[in-house]
Amino acid sequence: MDGEIEAPPVAARATELEAQAALFAELADGFARTLNLDATLRTALLRIAAHLDAEAASIFFLEDDDRILRCRDCVGPVDIRGLRIDARYGIVGRAVREKSCLMVRDVRAHPDFAASVDAGTGFETRSLLCAPLLLADECLGAVECINKRSADGLFGSRDQYLLSMFASAAAMAVRNARTTVALVERDRIRRELHLAREIQERLLPDPDTGLPVAGLNLAADGVSGDFFDFQPVGAHHCYFSIGDVSGKGMNAALLMAQTCGLLRCLARSIDDPSELLARVNREIFQTATRGMFVTVVVGLLDLQSGEVRLANAGHPPALLHRRSGAWEVLECDAPPLGIEPDLACPTRQLALADGALYLYSDGLLEARLKGRPLGLDGLSHWLELVAAEPLGLRLPRLVECLRNNGAYWSDDLTVLVLEAPR
Amino acid sequence: MTTPQTTLVEDHATVALEGDIDLSCSQTVRSALLAQLRAGHAVSVRMAAVSYIDSSGVASLVEAYQLARKLGLDFQLTEVSEAALSVLRLARLDRVFPIATGSDGKG
């Protein structure tokens with residue numbers, strides 16, 4: 001391996017202290033500027049080994065919940081990169097556990113010396129200097145120098161001091177490199193969430209269909225587990241749906257997309273909401289994992305008669321607001337999709353007449369106003385206040401009113417409103 | 001909430017939940033329930049002290065219920081608090097989970 005250790009370029013007139021300071025400045029500068037930690041570690045190991053006149057040097061990182069010390073790089077006659085040592089044993093293990101720099105002048109006499117490593121490599125370790133890679137709150141591993149070549153073959157306190165300084169600079173560089181990797185990963189996840197949200201928004205229906213339906217979806221945090229949909233079916237019907245997938249994040253977003261897509265596709269050929277839910281339930285039951293489920297309302301609005309047929313599986317009750325001011329609460333009739341292999345969710349029939357039908361996700365019921373959840377009474381109160389708004393403006397106006405009055409929510413918020421065609 | 005408290009009598013584990021069962025702890029609840037079922041124990045989930053349960057908490061119960069059925073083990077909710085029961089009722093989940101009213105797990 002390319003581990004030749006060269007003599008340090010110390011200027012003839014420089015004092016030893018100046019040489020140490022120069023070396024440390026050079027190493028610290030290299031660590032601070034590096035974009036390639038491995039290359040910088042390699043250069044730094046060569047420099048420190050040369051400066052301490054060591055036969056070999058290596059750097060170990062803690063892995064597997066700090067149980068294992070693995071050699072990340074080394075310089076010297078034997079290549080031990082990738083070597084794994086149980087962190088409970090050996091001199092390196094002790095330096096890490098005790099968080100102190102150990103200087104061992106005769107390793108054979110030391111109780112912690114792991115002779116098996118030498119036995120495996122054929123290298124003979126005589127003296128050793130080992131410093132932990134310490135940060136304020138944790139130890140990342142250790143760096144060690146082996147077999148001083150000059151004089152009596154023993155490391156001294158000057159060497160100990162230099163290696164400790166080196167270890168501090170290296171620990172910071174390792175931390176920086178890991179933070180950079182974490183930031184890049186976070187940025188990648190953020191980009192993917194953004195793309196997923198874009199796809200979700202494309203799943204929402206075109207608001208300008210001319211159908212007497214309007215919907216609104218506000219994602220609380222990136223991607224949404226809620227959906228709503230409405231599409232013309234045949235010449236005289238409008239299919240509509242609203243749903244909420246349990247849980248949050250990407251798995252909820254994927255299940256949301258699957259459910260929304262299945263319903264929209266099958267609604268073209270199945271005109272009974274009960275049967276539609278039974279069919280989609282079977283698919284969701286097969287694919288949903290970790291107890292995930294979907295609460296959903298699907299229905300068909302007859303654009304000529306104003307008659308609605310709907311089925312509600314586990315979703316909050318639909319609210320029917322009559323022009324007279326009366327409210328009807330239409331509770332759900334079956335548990336959510338994805339829990340049982342078979343779902344019997346009856347179809348309800350109702351005449352929309354001159355009323356408006358509101359469907360919404362539980363995020364709206366749980367929105368907090370004056371410290372309390374909005375609930376059904378609160379929701380119907382605020383819906384009454386915006387009831388005179390034209391259909392297309394009513395839901396944004398509802399959200400605006402709630403916000404202006406200090407309401408807040410942490411969940412996705414989705415609402416759908418239908419009226420009979422005029 | 002605090003960690004779920006599990007008591008094992010022969011092959012029957014009672015897992016007691018308390019406080020808010022939401023995203024912050026539903027994973028812990030899930031692990032506790034699944035571990036008992038995988039060990040071959042019937043499970044009663046005691047919910048007397050549950051002050052709130054969100055959909056992630058319900059999903060943990062659903063997953064345990066589904067696994068119990070697959071393994072042929074008994075799984076039931078006992079002494080469900082009014083707060084939790086109202087959430088389960090709203091979504092008709094009271095029709096899915098076996099719910100016992102007595103502390104001995106018999107309804």
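Residues numbered from 1 in each chain as written. Chains lettered and ligands numbered in written order. Predicted model: local features only at pLDDT ≥ 70, side-chain atom pairs only at ≥ 80, totals over all residues.

1. Structural notes on the overall build of chain B
Argument step 1. For chain B, the count of helices and strands is three helices and five strands.
Argument step 2. Start at the N end of chain B and walk to the C end: the helices and strands fall as β-β-α-β-α-β-α-β.
Argument step 3. The buried share of chain B, reckoned over its 107 residues, is 46%.
Argument step 4. Considering only residue pairs separated by 6 or more positions, chain B has 70% of its internal contacts joining residues 24 or more positions apart. (Helix = DSSP H or I, 4+ residues; strand = E, 2+ residues; numbered from the N terminus. Buried ≥ 20, exposed ≤ 12 C-beta atoms within 10 Å, placed from the backbone. Contact = placed C-beta atoms within 7 Å.)

2. So, the interface of chain A and chain B
Argument step 1. The partner chain B presents 15 residues to the 16 residues of chain A that form the contact.
Argument step 2. Across the side of chain A that touches chain B, the residue classes break down as eight nonpolar, five polar and three charged. (Nonpolar A, V, L, I, M, F, W, Y, C, P; charged D, E, K, R; others polar.)

3. Structural notes on the sheet that holds strand 12 (residues 318-321) of chain A
Residue and element names in this part refer to chain A.
Argument step 1. Strand order in the open sheet formed by five strands is 7-18-15-12-13, with antiparallel pairing between adjacent strands. In this open sheet, the two strands that pair with only one neighbour each are strand 7 (213-218) and strand 13 (327-330). Averaged over all pairs of adjacent strands, the angle between strand axes in this sheet comes to 15°, irrespective of strand direction.
Argument step 2. As paired strands, strand 12 and strand 13 are joined by four bridges and run antiparallel to one another. Bridging across to strand 13, Leu319 finds its partner in Val329.
Argument step 3. On top of the sheet, helix 10 (residues 391-404) reaches strand 7 and strand 18 (413-419); it is set at about 30° to strand 7, its chief contact. (Pairing = 2+ DSSP bridges. Axes fitted to C-alpha atoms, helices over the stretch in contact; angles between N-to-C directions.)

4. Quick word on the nonpolar core
Argument step 1. Grouped together as the largest cluster of nonpolar side chains are 99 residues, with contacts concentrated most on Leu277, Ala313, Leu337, Leu357, Tyr358 and Leu416 of chain A together with Val43 of chain B.
Argument step 2. Among residues more than four places away in sequence, those in contact with Leu337 of chain A are Leu277, Val280, Asn281, Ile284, Phe293, Val294, Val296, Ala313 and Leu343 of chain A.
Argument step 3. If you look at the next biggest cluster of nonpolar residues, it comprises 49 residues, including Val75, Ala95, Cys130 and Val143 of chain A. (Core = buried A, V, L, I, M, F, W, Y, C linked by C-beta atoms within 7 Å.)

5. Remarks on unusual backbone geometry
All names here are of chain A.
Argument step 1. Here the phi dihedral of Asp64 falls at roughly 50°; this positive angle occurs in a residue that is not glycine.
Argument step 2. One can find Asp64 in the loop between strand 1 (54-63) and strand 2 (68-75).
Argument step 3. Overall, Asp64 belongs to the exposed group, with 10 C-beta atoms counted inside 10 Å.
Argument step 4. For Lys370, which is not a glycine, the phi torsion comes out positive at approximately 50°.
Argument step 5. Mapped onto the secondary structure, Lys370 falls in the loop between strand 16 (368-369) and strand 17 (372-373).
Argument step 6. By C-beta crowding, Lys370 is classed as exposed, having 9 other C-beta atoms within 10 Å.

6. Describing the sheet that holds strand 2 of chain A
Residues and elements named next belong to chain A.
Argument step 1. Read across the open sheet, the six strands follow the order 3-2-1-6-5-4; overall the sheet is antiparallel. Strands with a single pairing partner mark the edges of an open sheet, and in this sheet they are strand 3 (84-86) and strand 4 (102-104). Averaged over neighbouring strand pairs, the angle between their axes works out to 25° when direction is ignored.
Argument step 2. Relative to strand 5 (residues 128-134), strand 4 runs antiparallel, the two sharing three bridges. Following the sheet pairing, Leu102 is matched in strand 5 by Cys130.
Argument step 3. Along the sheet, helix 2 (residues 37-51) contacts strand 1, strand 2 and strand 6 (139-148); its crossing angle with strand 2, the most-contacted strand, is approximately 70°.
Argument step 4. Those strands touched by helix 3 (residues 90-98) are strand 1, strand 2, strand 3, strand 4, strand 5 and strand 6, and its axis lies near 40° from that of strand 5.

7. Re the environment of Leu300 of chain A
Argument step 1. Position of Leu300 of chain A among the secondary structure elements: in strand 10 (residues 294-302).
Argument step 2. With sequence-adjacent residues up to four places away left out, Leu300 of chain A is seen in contact with Val233, His237, Cys238, Tyr239, Asp271, Pro273 and Arg309 of chain A.

8. A look at the packing of helix 2 of chain A against helix 5 (residues 157-203) of chain A
Residues and elements named next belong to chain A.
Argument step 1. The geometry of helix 2 relative to helix 5 is characterised by a closest axis approach of 11 Å and an angle of 180° between their N-to-C directions. As far as their axial angle goes, helix 5 and helix 2 are roughly antiparallel. The segment helix 2 lies against helix 5, with Leu37, Thr40, Leu41, Ala44, Ile48 and His51 engaging Leu162, Leu163, Phe166, Ala170, Ala173, Val174 and Ala177.
Argument step 2. Looking at side-chain class alone, the contact of helix 2 with helix 5 contains eleven nonpolar, two polar and no charged residues. (Parallel < 35°, antiparallel > 145°, perpendicular 65-115°, else oblique.)

9. A closer look at the pairing of strand 1 of chain A
Residue and element names in this part refer to chain A.
Argument step 1. The buried fraction of strand 1 amounts to eight of the ten residues, a majority that puts the element mostly inside the structure.
Argument step 2. Here seven bridges tie strand 1 to strand 6, and the two strands are oriented antiparallel to one another. For Ile59, the partnering residue across the bridge sits in strand 6 and is Val143.
Argument step 3. Note: strand 1 against strand 2, seven bridges, orientation antiparallel. Within the sheet, the bridge partner assigned to Ile59 lies in strand 2 and is Asp73.
Argument step 4. As consecutive antiparallel partners, strand 1 and strand 2 are separated by four residues, and within that stretch Asp64 has a phi angle of approximately 50°, a positive value.

10. Examining the environment of Arg67 of chain A
Argument step 1. Note that Arg67 of chain A resides in the loop between strand 1 and strand 2.
Argument step 2. A sequence separation of 26 residues divides Arg67 of chain A from Gly93 of chain A, and the C-alpha atoms of the two residues are 9.6 Å apart.

11. Points about the packing of helix 1 (residues 16-33) of chain A against helix 5 of chain A
Two numbers describe a pair of packed helices, the interaxial angle and the distance between the axes.
Residues and elements named next belong to chain A.
Argument step 1. Close contact between helix 1 and helix 5 brings their axes to 9 Å; oriented N to C, the two are set at 15°. Here helix 1 lies roughly parallel to helix 5, going by the angle between them. With respect to the hand of their crossing, helix 1 and helix 5 are arranged in right-handed fashion. Contacts between helix 1 and helix 5 involve Gln20, Phe24, Leu27, Ala28 and Phe31 from the former and Leu162, Met165, Phe166, Ala169, Ala170, Met172 and Ala173 from the latter. (Left-handed = near helix turned anticlockwise from the far one by under 90°.)

12. Considerations on the confidence of the model for chain A
Argument step 1. Averaged over every residue, the pLDDT of chain A is 88; the share at 70 or more is 96%.
Argument step 2. Within chain A, strand 15 (residues 356-360) of chain A carries the highest mean pLDDT (97), whereas helix 1 of chain A carries the lowest (77). (pLDDT = per-residue confidence, 0-100.)

13. Section: the pairing of strand 15 of chain A
All names here are of chain A.
Argument step 1. Taking burial as the measure, the five residues of strand 15 include four buried ones, the bulk of the element.
Argument step 2. When strand 12 meets strand 15, the two strands line up antiparallel, connected through three bridges. The residue of strand 15 that forms the bridge with His321 is Ala356.
Argument step 3. Bridge analysis of strand 15 against strand 18 gives five bridges, and the strand direction is antiparallel. What sits directly across from Tyr358, in strand 18, is Val417.

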